Every structure is written in C-alpha cells, then in structure tokens.
Amino acid sequence: MSSLRIGPVTDDATLEDWRLVHNTVVPDAAMSADEARERVEKYLLEVAYDGDVLVGCTTVRPPEAGGGASTVIVRVLPQWRGRGLGSALYDRAMRQAADHAAPAVETVVWAANTAGVRFAEARGFAEVDRYEPEPGAVPYLTLRRQSA
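Residues numbered from 1 in each chain as written. Predicted model: local features only at pLDDT ≥ 70, side-chain atom pairs only at ≥ 80, totals over all residues. Heavy atoms only, no water.

A. Inspection of the overall build of the protein chain at higher detail. Each helix and strand in the protein chain was counted, giving four helices and seven strands. Each helix and strand of the protein chain, ordered N terminal to C terminal, gives the series β-α-α-β-β-β-α-β-α-β-β. On C-alpha atoms alone, the protein chain measures out to a radius of gyration of 15 Å, which is about the 15 Å that the 2.2 N^0.38 rule sets for 148 residues. Expressed along its principal axes, the backbone C-alpha trace of the protein chain runs to roughly 35 × 35 × 30 Å. For the protein chain, with 148 residues in total, the buried portion stands at 41%. The long-range fraction of contacts in the protein chain, counting pairs at least 24 apart against all pairs at least 6 apart in sequence, stands at 59%. (Helix = DSSP H or I, 4+ residues; strand = E, 2+ residues; numbered from the N terminus. Rg over C-alpha atoms; globule rule 2.2 N^0.38 Å. Buried < 20%, exposed > 50% of the residue type's maximum accessible area, 1.4 Å probe, protein only. Contact = heavy atoms within 4.5 Å.)

B. Quick look at the sheet that holds strand S6 (residues 126-131). Across the sheet, seven strands lie side by side as S1-S2-S3-S4-S5-S7-S6; this open sheet has mixed pairing. Each edge of the open sheet carries a strand with a single partner, namely strand S1 (4-8) and S6. Averaged over all neighbouring strand pairs, the angle between strand axes comes to 25 degrees, with direction disregarded. Where strand S4 (residues 70-76) meets strand S5 (residues 104-110), two bridges bridge the pair, whose relative direction is parallel. In the strand pairing of S5, Thr-71 is matched with Glu-106. Helix-sheet contacts for helix H3 (residues 85-98) involve S1, strand S2 (44-50), strand S3 (53-61), S4, S5 and strand S7 (140-146), and the interaxial angle to S4 is about 160 degrees. (Pairing = 2+ DSSP bridges. Axes fitted to C-alpha atoms, helices over the stretch in contact; angles between N-to-C directions.)

C. Main features of helix H1 (residues 12-25). Here H1 is 14 residues long and its end C-alpha atoms lie 20 Å apart, about the 20 Å a rise of 1.5 Å per residue gives. Residues of H1 that are buried: Thr-14, Leu-15, Trp-18, Arg-19, Val-21, His-22, Asn-23 and Val-25. Contacts from the buried residues of H1 go to S1, helix H2 (33-42), S2, S3, S4 and S5. Its side-chain oxygen placed 3.2 Å from the backbone nitrogen of Ala-13, Asp-11 serves as the N-cap of H1. (Expected span 1.5 Å × (residues − 1). Polar contact = N/O pair within 3.5 Å; in protein donor to acceptor, adjacent residues only side chain to side chain.)

D. Focus on the nonpolar core. In terms of nonpolar packing, the biggest core is built from 22 residues, with Val-9, Trp-18, Val-21, Val-47, Leu-54 and Trp-80 touching the most fellow members. At the level of elements, H1, S2, S3 and H3 are the ones that each hand at least two residues to this core. Beyond its immediate sequence surroundings of up to four residues, Val-9 is in contact with Thr-14, Leu-15, Trp-18, Val-40, Leu-45, Glu-46 and Val-47. Counting 13 residues, the second-largest nonpolar core is a separate cluster that includes Val-72, Ala-93, Val-105 and Phe-125. (Core = buried A, V, L, I, M, F, W, Y, C linked by side-chain atoms within 4.5 Å.)

Listed below in structure tokens is the structure:
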C-alpha cells in the first residue's frame, strides 16, 4: 500500500474510473456516465490507485440545505479488500467531511456488501434507515455516527 495514490475526479478518465468502481461494488445501482457527471458537480469524488492500478473510490457529500449529516462513502474493489486501503480512504474522506462541521456523518451501504456493513459498524456507524429500491430488492442501509 506504500504506493497508494488518491486524488479528485478531474477529467473523463478519472470519472470513468470512479464509475467503474461504483458499478462493480454496487451493481444493483449501476450508474451511467451522465449520472456520474451530475455527481461530480455536486460532491467530492475521488479515485484511488495502487501505483497505476485502480483500487477504489470515495464520495463525500455535504449536508443538505438546513443542516444534517455529511455523507462519506468508501468503495474498494473486491480483489483489493483486506489490505488497509478502505481504512486509508475512510480516514481521508472523514477528514474532508469534517470540513462541513456537520453534527453527524452518514454512510450508505448496499446490504449485500456484508464486508462494507461490517467495516462501517466497526467504525462506530449504526443503521438508522433502510431503503428498498423496489419491493423484494436488496436494501441500501443508511448508517450514522456522531461527529467527534
């Protein structure tokens, strides 16, 4: 992990890398290029590489108007999990979310990603909501932790 490189989405190539990780980790909510472009205009999207190899991405959303929680989402490609990459991405994203001075931080995890749910719970997040995109579908969990 000594060659981990993390940076913002700044062009079509890094946006496509971000989208590839998103769509691999959350295939149930695969995102089009246009949908990803909308997100890069509203949120901080970053991509992570081990050397030149894509390994993960993050999304940091500011609180919605009127306050509330910042949202931090960390995604690591399955073949790169268990190497400390998620922790490095999480720590960086949490520092970025702290700039929002929100009273809490949330994350959203596809329930089928049990490793992601365990990762969030191990960092003090607890489920506060779940959303089924359609009846019988695998839900998305919203987990929250109070800001430090």
